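# Structural overview for review
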Amino acid sequence: MSVLKMTDIHKSFSGVSVLRGVHLTVQSGEVVGLLGENGAGKSTLMKILTGEYRADSGEITLDGQSVSLDSIHRAKQLGFGMIHQELNLFQNLSIAENFLIGNEHHFNHSGFVNYRQLNERVKQILQLVNLQRTPTELLSSLGVGEQQLVEIGKSLLQKVRFLAMDEPTSALSQAETERLFQIIQSLCEQGVGVIYISHRLDELFHITHRVTVLRDGKFIATKPVQETNEEELVSLMVGRSIEDRYPTVHVNPGPIVMKTVGLQTAFVKNVDLTVCAGEIVGLGGLMGSGRTEVARALTGVDRVTSGHLQYMGNPIQLRSPQEAIRAGIAYVTEDRKELGLVLPFSLRANVSLPTLPARTRFGLVQRDVERDFARDVVEMLHIKVHDIEDPVESLSGGNQQKVVLAKWLAQKPSLFVLDEPTRGVDVGAKQEIYQLMNELKQQGKAILLISSDLPELLAMSDRVYVMHEGHLQGELPKQLVTEEAVMRLATGGSM
Amino acid sequence: MERFGAVIRRYHLGPLIGLVILLFVLSVLSHQFFTFGNLRNVALQTSVNALLAVGMTFVILTAGIDLSVGSSLALSSAISAGLMASHLNVWLSALVGIAVGAACGLLNGVFVAYARLAPFIVTLGTMTLYRGLTEIYTNGNPIFNLPNGFSNFGSGSVLSIPIPVILAALVFILGWITLHRSTYGRRIYAIGGNERVAYLAGVPVKKYLVSVYVISGVLASIAGLVLTSRLSSAEPTAGTGYELDAITAVVLGGTSLFGGEGAILGTLVGALILGVISNGLNLLNVNSFYQDAIKGLIILAAIMLDRKKANSR
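Right, let's walk through the structure included here. (Residues numbered from 1 in each chain as written. Chains lettered and ligands numbered in written order. Predicted model: local features only at pLDDT ≥ 70, side-chain atom pairs only at ≥ 80, totals over all residues. Heavy atoms only, no water.)

### Remarks on the overall build of chain A
Our working definition: In this text, helices come from DSSP runs of H or I with a minimum length of four residues, and strands from runs of E with a minimum of two, each type numbered from the N-terminal end. With C-alpha atoms as the basis for the radius of gyration, the globule rule is written as 2.2 Å multiplied by the number of residues raised to the power 0.38. For each residue, the accessible area found with a 1.4 Å probe, counting protein chains only, is set against the maximum for its type, and the residue is called buried under 20%, exposed over 50%, and partly exposed in between.
Each helix and strand in chain A was counted, giving 17 helices and 24 strands. Here the C-alpha atoms of chain A give a radius of gyration of 24 Å, agreeing with the 23 Å that 2.2 N^0.38 yields for 495 residues. For chain A, the spread of C-alpha atoms along the principal axes amounts to about 70 × 50 × 50 Å. When burial is assessed residue by residue, chain A has 55% of its 495 residues classed as buried.

Right, here's the structure in full:
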């Protein structure tokens, strides 16, 4: 039984203070949630714990003994592990070799790798994290969820006493999340203390014992979960009470904007769905059930092999995203870093990318028009940016996501396909994105919303389609949508 | 001091500062260096590489590479010269040469964009192919007897500025406007920055990829015309190794080989640095065996300085 205590931690970077007196206590065998908006200082605090940064002042004690965390190595020795939000794995190596990197000394056999010992050890760990794979399999053959388990397994190679996890479920399906929670529970039973960072409040209530809230680098409160509720945590986190986390507006749906008839691509079959003007239609299902593939078929990315699309009442063929954009279809992709943004580009250049042809005169970009548009969206979506010429890679996740949305607004599309529009975004930014969706709805736009965040999908959608293994398993009208109903359909059940 | 560094980084002034230092050092070491006649010479000698380097900048910005420019140069100028020697109209012959350059680029581009082969491998192959075609066409012999009017184009000058220098300057201005002001240029940067994002934003990526190789081929053929005119003959071995000089100029100018980052002015500075080094080493009577080694060291030093700045970001 040990206790980790961080007291009055301060840290600043080139004059900007990021942590201003933060406290955190974790005991072995418990899960402490760490909650705060983007930029509240959670990641910095964790990097101090794992020896990546050094605190300017403050004290860290382990069982009452003061410890100095002056290197990553020292933190490892003490048994402090961390699972980063982004996976730090080598896709081109085997599972076992991924365990080997950074731990070579454990499997050293006079300068050679003792592969037998390595594979044996990795096999034990894979059992521990409940991953049914052989150590010699290539990492790239694993799904994201399974890779997450490898990452967790890696931290178990050495004796770990305290393990921090930064948004471990942001890329996981419901089933994978359940599996992760079981593993966290069994880690706790073995006496590991877990620090769990997440934006999903329902998860915190599900898995943690206590929650510590940070805001603007300051310690706000620590609460046992039984003695608090979502509203209180949100208001502690944002510093004001958010009345309605899912603001909705009622609009009478207009004519059908997009209709698919027996739509089939290489990935989905027999999809019949409609989206009307002034309507938000949800598309639920597990990861890999074909939701994104439906979006890709509607936006000219994937080829339609049979069936067809009807857009504004007329059949339409989309051979490329270019044609979809011209027709007035906007595709807000998932994974903003890979599919949504040109990271080294400025905000200005990013938001004008899809609409460049409309901003061109004599082949030249009309830079003043471009700048005006960039300033408009910054104001409209409250994007926090120092200068519209700064590269978007310097923005926080929530602000980056707003840029991804903003770039489709200029074209005034009739149909928005939104794929995970709020993933990895804090509560405040989420609410602003919902408000934007409502505005678009009021303007008579049709919206297809794909989301793994069930409360969001349920609250924001007027109707929900649920996919299972590449086809539509069912449609749920507003009054019948419950988490249970969606999950039943998503796992192949019927209504 | 930090602000000064930020300004240098923002406007990519690193290579320019390097060039200025080089100019200063050479002026001190050699009295002949900083004279109008010599600087004019440097500009003239740089013009061929500068033309190739503009095309190479377009290609490298899309994260590609064009190793075939030297051979495209040879093939197109051999065909132009052959037509001129057989008394076809000079302008028409030149145009055919440019069309050959465009065709060389088109073939590269189609392999890269539509067959999805690595640019390095495609242009490594066509580099040998185009050189071979040149040898077949010329039977391995230089082509002489070009019309006098054509030779005047390479050796002539306007207001004592050599015509090749004026031509290279015009191409740079056009290249600057295209890359930094036009929609086409913005989309080239977007493709290099993140090809999938560009595609999803409606950029016809394949056509654009083909187009940069065509631009590179066309500029190679124009560089070929300049070279042929200056030498009054087309050699089957013309342009051998020029692709590496062009790539060096682009990289020295701060353009990333991974695409999406860089600027055409950097390329100009890079080409000038190469030209100034060669000229300076000649003026200083450095043994030609040592020249290459020194050139290589200066290039490495320049690139390291640039990297250091980029990493400190």
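On we go.
### Let's talk about the packing of aromatic side chains
Convention followed: Aromatic pairs are defined between Phe, Tyr and Trp rings, using the six-membered ring for Trp, whenever the two ring centres lie within 6.5 Å; interplanar angles under 30 degrees are classed as stacked, those over 60 as edge-to-face, and all others as tilted. In this scheme, the term charge over a ring applies when either NZ of a lysine or CZ of an arginine sits within 6 Å of the ring centre and within 35 degrees of the ring normal.
As enumerated under the stated definition, the model contains seven aromatic pairs over all chains in all. Summarising the aromatic geometry, the rings of B:Phe58 and B:Tyr184 are spaced 6.5 Å apart at their centres and angled 35° between planes, so their arrangement reads as tilted. Linking B:Phe58 in helix H3 (residues 36-61) with B:Tyr184 in helix H9 (residues 183-193), this pair joins segments that are 126 residues apart in sequence. Aromatic pair B:Tyr184 and B:Tyr208: ring centres 5.1 Å apart, planes at 25°, arrangement stacked. Pair noted here: B:Tyr184 is in helix H9 and B:Tyr208 is in helix H11 (residues 205-231), with a separation of 24 residues, a long-range link. You can call B:Tyr208 buried: its relative accessible area is 13%. In textbook terms, an aromatic cluster arises when at least three aromatic residues are bridged by ring pairs, as seen for B:Phe58, B:Tyr184 and B:Tyr208. The cationic tip of A:Arg359 hangs over the ring face of A:Phe373; the distance from NZ or CZ to the ring centre is 4.7 Å.

### Points about the interface of chain A and chain B
Rules: Contact definition: two residues touch when any of their heavy atoms are within 4.5 Å. By definition, the buried area sums, over both parts, the 1.4 Å-probe accessible area that each loses when the two are put together. The term salt bridge refers to a pairing of a side-chain nitrogen on Lys or Arg with a carboxyl oxygen on Asp or Glu at a separation within 4 Å. Throughout this description, a polar contact denotes any pair of N or O atoms lying within 3.5 Å of each other; where both atoms belong to protein, one of them has to be capable of donating a hydrogen while the other can accept it, and for residues adjacent in sequence the pair is counted only when both atoms sit in side chains. Gly is placed with the polar residues, together with every amino acid not listed as nonpolar (Ala, Val, Leu, Ile, Met, Phe, Trp, Tyr, Cys and Pro) or charged (Asp, Glu, Lys and Arg).
Across the contact, 32 residues belong to chain A and 21 residues belong to chain B. Counting the surface lost from both chain A and chain B, the interface buries some 2200 Å², and carbon and sulfur atoms represent 60% of this. Seen at the junction of chain A and chain B, the total is two salt bridges. In this structure, the connection of chain A to chain B is made through six residue pairs in polar contact (both at pLDDT 80 or more). If you list the elements that add at least two residues to the side of chain A that touches chain B, you get helix H10 (321-327), helix H11 (336-340), helix H12 (347-351), strand S20 (364-365) and helix H13 (367-380) of chain A. In terms of residue count, the dominant contributor to the side of chain A that touches chain B is H11(A) (four residues). Across the side of chain A that touches chain B, the residue classes break down as 17 nonpolar, eight polar and seven charged.

### Quick notes on the packing of helix H12 (residues 242-252) of chain B against helix H13 (residues 264-283) of chain B
Each pair of packed helices gets described by two things: the angle between the helix axes and the distance between those axes. Residues and elements named next belong to chain B. Note the threshold: Helix axes are fitted to C-alpha atoms over the stretch in contact, other axes to C-alpha atoms as well, and angles between N-to-C directions run from 0 to 180 degrees. Any angle that falls under 35 degrees is termed roughly parallel, while one over 145 is termed roughly antiparallel, one within 65 to 115 roughly perpendicular, and all others oblique. Crossing handedness is defined as follows: a turn of the near helix away from the far one that is anticlockwise and smaller than a right angle gives a left-handed crossing, while the clockwise case is right-handed.
One way to put it is that H12 packs onto H13 with a least axis distance of 7 Å and a crossing angle of 120°. With respect to their mutual orientation, H12 and H13 come out oblique. The chirality of how H12 crosses H13 is right-handed. Of the residues in H13, those in contact with Asp 245, Thr 248, Ala 249, Val 250 and Leu 252 of H12 are Gly 266, Thr 267, Gly 270, Ala 271, Ile 273 and Leu 274. Residues of the contact of H12 with H13, tallied by class, amount to six nonpolar, four polar and one charged.

### Some remarks on the pattern of salt bridges
All names here are of chain A. Evaluation of the coordinates by the stated rule reveals 22 salt bridges over all chains. A salt bridge links Glu 137 to Arg 133; its shortest N-O distance comes to 2.6 Å. Look at Glu 137 and you get partly exposed, because its relative accessible area is 23%. A salt bridge links Glu 389 to Arg 348; the nearest nitrogen and oxygen atoms lie 2.7 Å apart. Here Arg 348 lies in helix H12 and Glu 389 lies in the loop between H13 and helix H14 (397-406), a separation of 41 residues in the sequence. Look at Glu 389 and you get partly exposed, because its relative accessible area is 25%.

### Focus: the environment of A:Thr61
Residue and element names in this part refer to chain A. Within the secondary structure, Thr 61 is located in strand S4 (residues 57-62). For the pair Thr 61 and Met 6, spaced 55 residues apart in the sequence, the C-alpha separation amounts to 6.5 Å. Those residues in contact with Thr 61 that lie beyond four places of it in its chain are Val 3, Leu 4, Lys 5, Ser 66 and Val 67.

### Side note on the packing of H14(A) against helix H15 (residues 427-442) of chain A
Residues and elements named next belong to chain A. Two elements in contact, H14 and H15, have axes whose closest approach is 10 Å; the angle formed by their N-to-C orientations is 15°. With respect to H15, the element H14 is oriented roughly parallel. Read as a crossing pair, H14 and H15 show a hand that is right-handed. Here Gly 398, Gln 401, Lys 402 and Leu 405 of H14 come into contact with H15, specifically with Ala 429, Glu 432, Ile 433 and Leu 436. Classifying every residue of the contact of H14 with H15 gives four nonpolar, two polar and two charged.

### Digging into unusual backbone geometry
Phi is mostly negative for residues that are not glycine, and the peptide bonds are mostly trans. All names here are of chain B. For Arg 116, which is not glycine, the phi torsion reads 60° and is therefore positive. Structurally, Arg 116 is set in the loop between helix H5 (90-113) and helix H6 (119-138). Of the residues examined, Arg 116 reaches a relative accessible area of 48% and is grouped as partly exposed. In this structure, Asn 139 takes a positive phi of about 55° despite not being glycine. One can find Asn 139 in the loop between H6 and helix H7 (148-155). The class of Asn 139 is exposed, set by a relative accessible area of 64%.

### Some thoughts on the pairing of strand S15 (residues 279-285) of chain A
Residue and element names in this part refer to chain A. For clarity, the threshold we go by: Whether two strands pair depends on DSSP finding at least two bridges between them.
By the criterion of burial, S15 is predominantly enclosed, with seven of the seven residues buried. In S15, alternate side chains face the same way, and those of Glu 279, Val 281, Leu 283 and Gly 285 on one face and Ile 280, Gly 282 and Gly 284 on the other are all buried. Pairing of S15 with strand S22 (residues 446-450) involves five bridges; the strand directions are parallel. By the bridge assignment, Val 281 is partnered in S22 with Leu 448.

### Some details on H6(B)
All names here are of chain B. How we decide: Each helix should span, by expectation, one fewer than its residue count multiplied by 1.5 Å. By construction, the arc corresponds to the directions joining the helix axis to the C-beta atoms.
Spanning 20 residues, H6 covers 28 Å between terminal C-alpha atoms, matching the ideal 28 Å at 1.5 Å per step. Of the residues making up H6, those classed as buried are Pro 119, Val 122, Thr 123, Thr 126, Tyr 130, Arg 131, Thr 134 and Thr 138. Viewed end-on, H6 has its buried residues packed into an arc of 155°, placing them on one side of the element. Exposed positions of H6 whose direction lies more than 90 degrees from the buried face are Ile 121, Thr 128 and Ile 136. Contacts made by the buried residues of H6 are with helix H4 (69-85), H5 and H11. Two residues or fewer past H6, Asn 139 is found with a positive phi of approximately 55°.

### Thoughts on a nonpolar patch on the surface
Residue and element names in this part refer to chain B. Convention followed: Patch building starts from residues that exceed 30% relative accessible area and form no salt bridge, then joins like charges within 9 Å and nonpolar side chains (Val, Leu, Ile, Met, Phe, Trp, Tyr) within 5 Å. Method for areas: the Shrake-Rupley scheme with a 1.4 Å probe, in which residue coverage is limited to the protein chains shown.
A cluster of nonpolar side chains, Ile 17, Ile 21, Phe 24, Val 25, Val 28, Leu 29 and Leu 284, forms an exposed patch at the surface whose accessible area comes to about 640 Å². Turning to its location among the elements, Phe 24 is positioned in helix H2 (residues 14-29). A residue is classified by how much of its surface remains accessible, and Phe 24, at 59% relative accessible area, is exposed.

### Some thoughts on the environment of A:Arg463
Residues and elements named next belong to chain A. Turning to its location among the elements, Arg 463 is positioned in strand S23 (residues 463-468). A residue is classified by how much of its surface remains accessible, and Arg 463, at 14% relative accessible area, is buried. Residues Arg 463 and Leu 405 lie 58 residues apart in sequence; the distance between their C-alpha atoms is 22 Å. What Arg 463 contacts, discounting residues up to four positions off in sequence, is Thr 274, Val 275, Glu 279, Ile 280, Val 281, Gly 282, Glu 475 and Leu 476.

### Here we look at the sheet that holds strand S9 (residues 162-166) of chain A
Residue and element names in this part refer to chain A. Spatially, the six strands line up as an open sheet ordered S6-S9-S10-S3-S11-S12, and their pairing is mixed. At either margin of the open sheet sits one strand with a lone partner, and together these are strand S6 (80-83) and strand S12 (218-224). Ignoring strand direction, the axes of neighbouring strands in this sheet form an average angle of 20°. Alignment of S6 against S9, held across four bridges, turns out to be parallel. Of the residues in S9, the one forming a bridge with Ile 83 is Met 165. Here helix H6 (residues 174-189) sits on the sheet and contacts strand S3 (31-35), S9 and strand S10 (193-197); the angle it forms with S10, its principal contact strand, is near 150°.

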